[in-house]
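# Reading the structure
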Amino acid sequence: MLYSEKVMDHFQNPRNVGKMEDADGIGEVGNAVCGDIMKMYIKVKDGIITDVKFNTFGCGSAIATSSMATEMIKGKPIEEALQLSNKAVAEALDGLPPVKMHCSVLAEEAVRAAVKDYYDKHGIAYDPAQFCAGDCAHCHDHGEKE
Ligand code: FES
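Residues numbered from 1 in each chain as written. Predicted model: local features only at pLDDT ≥ 70, side-chain atom pairs only at ≥ 80, totals over all residues. Heavy atoms only, no water.

Now for the environment of Val52. Within the element layout of this structure, Val52 appears in strand 3 (residues 48-56). A relative accessible area of 0% places Val52 in the buried class. Look past the residues within four positions of Val52 in its chain and what remains in contact with it is Asn16, Met20, Met40, Tyr41, Ile42, Thr70, Ile73 and Lys74. (Helix = DSSP H or I, 4+ residues; strand = E, 2+ residues; numbered from the N terminus. Buried < 20%, exposed > 50% of the residue type's maximum accessible area, 1.4 Å probe, protein only. Contact = heavy atoms within 4.5 Å.)

Next up, the structure:
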């Protein structure tokens with residue numbers, strides 16, 4: 001079996017799917033590998049992520065990882081959500097096939113983008129480096145980061 005039971009479960013019954021009208025932060029990211037896109041909405045109160053929703057035009061693995069990611073950050077302090085890695089999400093799903101690991105990046109990036117949007121909208125100061133994975137063409141082209 002290529003996919004774990006947990007992946008199948010989250011793919012078939014994704015948690016927290018939908019839109020959020022009164023989101024405090026919205027992150028929209030695209031996957032450079034496949035062109036799929038993901039939108040993540042967060043609601044924040046007193047530094048805690050009280051609600052999360054996501055929408056994706058991604059594949060089954062993207063749906064499963066986003067679903068798991070929303071479960072992992074809901075009710076958590078915002079700083080903890082920022083620490084969420086795609087590897088941790090994949091592990092929580094009992095693994096993803098290697099060719100599908102790039103799909104899990106979409107969820108991680110969407111969470112980070114939503115947090116950044118929340119910080120921006122609420123005038124909260126942050127270190128921009130926090131949101132740099134160091135792998136974009138911009139940084140490489142300019143030799144700013146390895
Ligand atoms: Fe695009 Fe999985 S193939 S997110």
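What follows is about the pairing of strand 1 (residues 25-30). The two faces of strand 1 differ: Gly25, Gly27 and Val29 on one face are buried, but Ile26, Glu28 and Gly30 on the other face are not. Of the strand pairs in this sheet, strand 1 and strand 2 (residues 37-45) are connected by 6 bridges, and their pairing is antiparallel. Each residue of the ladder has a partner; that of Gly25, found in strand 2, is Ile42. The loop that links strand 1 with its antiparallel partner strand 2 comprises 6 residues; one of these, Gly35, has a positive phi angle of about 85 degrees. (Pairing = 2+ DSSP bridges.)

Next up on the list: the pairing of strand 3. In terms of strand pairing, strand 2 meets strand 3 through 8 bridges, oriented antiparallel. Counted as the bridge partner of Ile42 is Val52 from strand 3.

Looking now at the pattern of salt bridges. In the structure shown here, the tally under the stated rule is 8 salt bridges. The partner of Asp120 in a salt bridge is Lys116, with the nearest N and O atoms 3.5 Å apart. Of this pair, Asp120 and Lys116 both sit in helix 5 (residues 101-121), separated by 4 residues, roughly a single helical turn. Each member of the salt-bridge network shares a partner with another, and the members are Asp22, Asp24 and Lys43. (Salt bridge = Lys/Arg side-chain N within 4 Å of Asp/Glu carboxyl O.)

Looking now at the sheet that holds strand 1. Two orientations exist for strands paired in a sheet by backbone hydrogen bonds: parallel and antiparallel. Taken in spatial order, the 3 strands line up as 1-2-3 in an open sheet, and their pairing is antiparallel. Taken across any chain shown, the strands that pair with only one partner, and hence form the sheet edges, are strand 1 and strand 3. Taken pair by pair, the neighbouring strands of this sheet meet at an average axis angle of 20 degrees, ignoring direction. This element, helix 2 (residues 60-73), spans strand 2 and strand 3 of the sheet and lies at about 170 degrees to strand 3. Lying over the sheet, helix 5 contacts strand 1, strand 2 and strand 3, oriented at roughly 140 degrees with respect to strand 1. (Axes fitted to C-alpha atoms, helices over the stretch in contact; angles between N-to-C directions.)

Its 14 residues place the ends of helix 2 20 Å apart at the C-alpha level, agreeing with the 20 Å of an ideal helix rising 1.5 Å per residue. Across the 14 residues that make up helix 2, a large majority, 11, are buried. Among the residues making up helix 2, those that are buried are Ser61, Ala62, Ile63, Ala64, Thr65, Ser66, Ser67, Met68, Ala69, Thr70 and Ile73. The positive-phi residue at the C-terminal boundary of helix 2 is Gly75, with phi of around 85 degrees. (Expected span 1.5 Å × (residues − 1).)

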